[in-house]
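# What the coordinates show
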Amino acid sequence: MTNAATHFAEDAHGEPTGPGRYVHIDDLASAEYVPGLTFRPVLGDGVMTNFVHFAENTEAPRHVHEEEQIVIILDGEMTFNIDGDERVMRKGDVAVIPAWVPHGAWTTDTTCLEVDVFCPPRKTLLALAESQGADGGE
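Predicted, not measured: the structure shown is a model, and the values here were computed from it.

### Quick word on the environment of Leu-74
Here Leu-74 lies in strand E5 (residues 68–82). Sequence-wise, Leu-74 and Glu-59 are 15 residues apart; in three dimensions their C-alpha atoms are separated by 18 Å. Other than its neighbours up to four places away in sequence, Leu-74 contacts Lys-91, Leu-113, Glu-114 and Val-115.

Below, the structure written as structure tokens:
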């Protein structure tokens, strides 16, 4: 059993790094690096979440990057390949990709909505995420 008092403690052992904010996905500007693949990143102080929509028959080509990535499938399905280990992922499935591990994904006759979590934030999405700023929320 975990210790709820410790987990939900309110004793501050530091200073807040900034104000919190709320964001609605539909209010975020999107980027499309390949046709049918849209990205909507949200930037925190040291982490980034990226809401990704795959249209039918869309591919995120095999690639590598220095950021660790966690992929969470919210809806639909896609095939994911982590360095040769290929699996069909559906709602509730999660993939963990360490830095520099080759990976890619694609849809066939379905769409897919997924969330990528990057730590540190993915450099190629920083400009878009920074442009969201406080304007990306309510």
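From this point, the narrative continues.
### What about the nonpolar core?
Phe-54, Val-71, Met-78 and Phe-80 are the most contacted members of the largest nonpolar core, which totals 20 residues. Looking at this core, the elements that each hand over two or more residues are strand E2 (37–43), strand E3 (48–54), E5, strand E7 (94–97) and strand E9 (112–119). Considering every element that reaches this core, the biggest residue donor is E5, with four residues. Residue contacts for Phe-80: discarding those within four places in its chain leaves Val-71, Asp-85, Glu-86, Arg-87, Met-89, Ala-95, Ile-97, His-103, Gly-104 and Ala-105.

### Notes on unusual backbone geometry
Note that the residue after Cys-119, namely Pro-120, is joined by a cis bond; omega there is -10°. Phi angles above zero are rare outside glycine, and Trp-100 is one such case at about 70°. Structurally, Trp-100 is set in the loop between E7 and strand E8 (103–106). For Trp-100, a relative accessible area of 57% translates into the label exposed.

### A look at the side chain of His-103
By the secondary structure assignment, His-103 is in strand E8. Among the polar contacts made by the side chain of His-103, one reaches the side chain of His-65 at a distance of 3.2 Å. Among the polar contacts listed, one links the side chain of His-103 to the backbone oxygen of Val-101, at a separation of 2.8 Å. If sequence neighbours within four positions are ignored, His-103 has contacts with Pro-61, Arg-62, His-63, His-65, Gln-69, Phe-80, Asn-81, Ile-82 and Ile-97.

### A closer look at the side chain of Thr-79
Residue position: Thr-79 is located in strand E5. Given a relative accessible area of 14%, Thr-79 falls into the buried group. Contacts of Thr-79, omitting those with residues within four sequence positions, involve Glu-86, Arg-87, Val-88, Gly-104, Ala-105 and Trp-106.

### Details of the pattern of salt bridges
Applying the stated criterion to the full structure yields five salt bridges. Among the ionic pairs, Asp-85 bridges to Arg-87, the shortest N-O distance being 3.1 Å.

### Considerations on the pairing of strand E6 (residues 85–90)
As defined by bridge partners, E5 adjoins E6 across six bridges and the pair is classed as antiparallel. Bridging across to E6, Asn-81 finds its partner in Glu-86. Linking two consecutive strands that pair antiparallel, namely E5 and E6, is a turn of two residues; a positive phi of about 50° is found at Asp-83 within it.

Here is what the cut-offs are and how they apply
Residues numbered from 1 in each chain as written. Predicted model: local features only at pLDDT ≥ 70, side-chain atom pairs only at ≥ 80, totals over all residues. Heavy atoms only, no water. Helix = DSSP H or I, 4+ residues; strand = E, 2+ residues; numbered from the N terminus. Contact = heavy atoms within 4.5 Å. Core = buried A, V, L, I, M, F, W, Y, C linked by side-chain atoms within 4.5 Å. Buried < 20%, exposed > 50% of the residue type's maximum accessible area, 1.4 Å probe, protein only. Polar contact = N/O pair within 3.5 Å; in protein donor to acceptor, adjacent residues only side chain to side chain. Salt bridge = Lys/Arg side-chain N within 4 Å of Asp/Glu carboxyl O. Pairing = 2+ DSSP bridges.

Purely geometric numbers; function is a separate question.
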